[in-house]
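Architecture at a glance
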Amino acid sequence: MGIFDSDFDIENYVLKRIPELENLEERDLFKSIVSGSTIELYKHVKEEYSALERRIFEEAPKALRMPNLYICVVDAEKYDMTDANMFPMFPEDLRKTEVDAAAMISAVGNNREFYLYTCMIKADYLTLKKLMLNSRRFKGVIENEFGETPAEFIVKPNKKYLKRAETLYNIAKLNFLPWRSINTAYLYKLFDVYVVSIEQWNDQLEVRKVTTEFDEFSEDILYNPIPIWNIWETTIKANSYPQPAVDRKYFEHYLYKKQFNEGHEYLLCRADTVIRNMFRRDGDLYIICDSDLPGDWDFYEFFPAPDQKNYDNPVLSNTQDESFSRNMIEYFGQRIKTRTELVRFFNSFQCKKYLTFVDAQIKGKPRKIETYSTEEFIDYEYRTGDRSQSLEFAFRPADEDFYLNRDIMSFLVTESQHFFPEYQCVGKLV
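Attention here is on the structure that accompanies the text.

Helix and strand counts for the chain come out as eight helices and 20 strands. In the chain, which comprises 430 residues, the proportion classed as buried is 43%. Across the chain, every contact between residues at least 6 apart in sequence was considered, and the portion connecting residues at least 24 apart equals 80%. Looking at the chain as shown, the accessible area adds up to about 24900 Å², and 48% of this sits on carbon and sulfur atoms.

Structural data, given as structure tokens:
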């Protein structure tokens, strides 16, 4: 705790120190002196210190960075259609779908699995990893209007939403922004359920309900999950004819500040022409490209942080606290070289409330790995060698039973991998 920390209360500090003085006269003298001029002087110095801190922070150069991404998962029946901050990653998830009984019977009859629905299993990463290695089958029933028919099911990791999130990488490149790892812990808990065998069934019958017995996972299943995030796709119409750029080779399109919602951030998500540069000036957005024709522009609109109380599950994010040191590291591309910098780095993330960084050690090839890379879709050409050493980060969980601990840790370790390309970064819970 520093003397000018926001949570430091000098008056309470003085009250706690007074009883330590045994002489009553000294107590009265101490109280009158300190509670008078000393406290007032402290408050004045603290105010000046805070003003200086704010001025330095505001004047420090800030690196361009991707907007903060917030992700959560809700029950389809509980999603608020009027939610003004979080939206389905796929709007079609809000539509109910029917099982094609004829297609199901045809697939199973030809020894092919048939997709039925997607669920979320609230279990630890290592538990789910073991489940996938075992190729386990679950029993259950499929109901029709006349009764139930026994069936067998398998589960496979759902890749649909992960691929949707991965598109942000190319969008970052389109907008000339450095990549930031995203906290997609929930998306690794989504599984597709397939039927692989079913007893006698008339393909003219309608499928009323599918019930799968998930055994030890039964209490950890969320049916009809809808992943939501703070992104809304929007189109902004160009209001002016493009002007030739300075070099007369490309053309400058610009969108007015008033066309963007205040407090929201925007990323161009697609373009029918080659984008040469993008920048803002006094709130207006300038797009330098090859096209000399006016047109509409498609954007991802990033909404502000949602209110956690509106959701049953925790809202996860890659958000970091604003700080002078973070701005300097990002702006000048500095490396993390000390343990103090590591502590500051991990503590900057809002997900620090789930995990506390403990230590980091350089080791040989790890035998048991508790984390995974959340960026396997990125081709790092300079990491082609077989790294003989690993950098192991240890974290202490706030709740040892929280099923997302190792997934959040994987996000943090993946983000730290950017600073240590010469090592294989891994994490463990202690």
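Let's shift gears to the pairing of strand 7 (residues 209-212). The side-chain alternation of strand 7 yields one buried face, formed by Val 210 and Thr 212, and one unburied face, formed by Lys 209 and Thr 211. As defined by bridge partners, strand 4 (residues 138-143) adjoins strand 7 across four bridges and the pair is classed as antiparallel. Each bridged residue has a counterpart across the sheet, and for Val 141 the counterpart in strand 7 is Thr 211.

Moving on, we come to the pairing of strand 6 (residues 190-198). Burial runs high along strand 6: eight of the nine residues are buried. Sheet topology places strand 3 (residues 114-121) next to strand 6; six bridges connect them, and they run antiparallel. Residue Tyr 117 lies in a different strand from strand 6, and its bridge partner there is Val 193. In the sheet, strand 5 (residues 148-157) pairs with strand 6 via seven bridges, with the strands oriented antiparallel. Note on strand 6: the bridge partner recorded for Val 155 is Val 193.

In terms of nonpolar packing, the biggest core is built from 53 residues, with Leu 168, Phe 393, Phe 395, Ile 408 and Phe 420 touching the most fellow members. Looking at this core, the elements with two or more residues in it are strand 1 (70-75), helix 5 (160-174), strand 13 (265-270), strand 16 (296-302), helix 7 (339-347), strand 18 (355-363), strand 19 (390-397) and helix 8 (405-417). The element best represented in this core is helix 5, accounting for six residues. Setting aside residues up to four positions removed in sequence, Leu 168 forms contacts with Met 66, Leu 69, Trp 179, Ile 182, Trp 229, Ile 231, Tyr 300 and Phe 302. Within the second largest apolar cluster, 28 residues are counted, among which are Ala 107, Leu 116, Val 193 and Phe 217.

Glancing now at the sheet that holds strand 4. Across the sheet, which stays open at both edges, the six strands sit in the order 7-4-5-6-3-8 with antiparallel pairing between neighbours. Each having just a single partner strand, strand 7 and strand 8 (221-223) make up the two edges of the open sheet. For this sheet the average axis-to-axis angle between neighbouring strands, irrespective of direction, equals 40°. Lying over the sheet, helix 3 (residues 101-109) contacts strand 3, strand 4 and strand 6, oriented at roughly 70° with respect to strand 6.

Enumeration according to the criterion identifies 31 aromatic pairs in this entry. Through a chain of ring-to-ring contacts, three or more aromatic side chains come together here, namely Phe 345, Phe 346, Phe 349, Phe 357, Phe 393, Phe 395, Phe 411, Phe 419 and Phe 420. Sitting above the plane of the Phe 260 ring, Arg 280 keeps its charged end 4.5 Å from the centroid.

Looking now at helix 8. Think of an α-helix as 3.6 residues a turn; residues three or four steps apart then line up on the same face. Over its 13 residues, helix 8 runs 18 Å from end to end, which matches the ideal 18 Å to within 8%, given 1.5 Å per residue. Extensive coverage of helix 8 is indicated by the burial of 13 of its 13 residues.

This paragraph deals with helix 7. Taken together, the buried positions of helix 7 are occupied by Leu 342, Phe 345 and Phe 346. Here the buried residues of helix 7 occupy an arc of 90° about the axis, which is enough to place them on one side. Elements in contact with the buried residues of helix 7: strand 18, strand 19 and helix 8.

Position of Asp 284 among the secondary structure elements: in strand 15 (residues 284-289). Within the buried core, Asp 284 has no salt-bridge partner, and the shortest N-O distance to an opposite charge, that of Arg 280, equals 6.8 Å. Here Lys 257 takes part through its backbone nitrogen, which lies 2.7 Å from a polar atom of the side chain of Asp 284. Apart from the residues within four sequence positions on either side, Asp 284 is in contact with Leu 255, Tyr 256, Lys 257 and Phe 279.

Okay, the pattern of salt bridges next. Under the definition given, this model contains 19 salt bridges. Ionic pairing is found between Lys 139 and Glu 152, a salt bridge with its closest N-O pair at 3.3 Å. Of this pair, Lys 139 sits in strand 4 while Glu 152 sits in strand 5; the two residues are 13 residues apart in sequence, bridging distant segments of the chain. The partner of Arg 270 in a salt bridge is Asp 298, and the shortest N-O contact between them spans 3.2 Å.

The strand order 11-12-15-14 describes an open sheet built from four strands, whose pairing is antiparallel. The open sheet has two free edges, formed respectively by strand 11 (243-244) and strand 14 (275-281), since each of these has just one partner strand. In this sheet, strand 15 lies alongside strand 14 in antiparallel orientation, the contact comprising six bridges. Counted as the bridge partner of Ile 275 is Cys 289 from strand 15.

Rules used in this analysis
- Going along each chain's sequence as written, the residues are numbered from 1 onward.
- Only residues with pLDDT of at least 70 are given local features in this predicted model, and only at 80 or more are side-chain atom pairs given and counted; all residues enter the totals for whole chains, interfaces and linings.
- In computing side-chain properties, one takes all heavy atoms of the structure into account and sets aside hydrogens as well as water.
- Strands here mean DSSP runs of E at least two residues long; helices mean DSSP runs of H or I at least four residues long; both are numbered from the N terminus.
- For every residue, the accessible area obtained with a 1.4 Å probe (protein chains only) is divided by the maximum for its type, and the residue is called buried under 20%, exposed over 50%, and partly exposed between those limits.
- The contact rule is simple, with two residues in contact once any of their heavy atoms fall within 4.5 Å.
- Note on areas: Shrake-Rupley with a 1.4 Å probe; residue coverage comes only from the protein chains shown.
- Here, strands pair whenever DSSP counts at least two bridges between them.
- We call a set of buried residues a nonpolar core when its members are Ala, Val, Leu, Ile, Met, Phe, Trp, Tyr or Cys and they connect through side-chain atoms within 4.5 Å of each other.
- Where helices are involved, their axes are fitted lines through C-alpha atoms of the stretch in contact, as for all axes, and angles between N-to-C directions lie from 0 to 180°.
- Working definition: rings of Phe, Tyr and Trp (its six-membered ring) pair if their centres are within 6.5 Å, and the pair is stacked with planes under 30 degrees apart, edge-to-face with planes over 60 apart, and tilted otherwise.
- Whether a charge lies above a ring is judged from NZ of Lys or CZ of Arg, which has to be within 6 Å of the ring centre and within 35 degrees of the ring normal.
- A helix is expected to span 1.5 Å multiplied by its residue count minus one.
- The directions from the helix axis to the C-beta atoms form the arc being described.
- Charge assignment: positive for Lys and Arg, negative for Asp and Glu; neither His nor the chain ends contribute.
- One side-chain nitrogen of Lys or Arg within 4 Å of one carboxyl oxygen of Asp or Glu is enough to make a salt bridge.
- The term polar contact refers here to a pair of N or O atoms within 3.5 Å; inside protein, the definition further demands a hydrogen-donor-capable atom paired with an acceptor-capable atom, and it admits residues adjacent in sequence only when both atoms are side-chain atoms.

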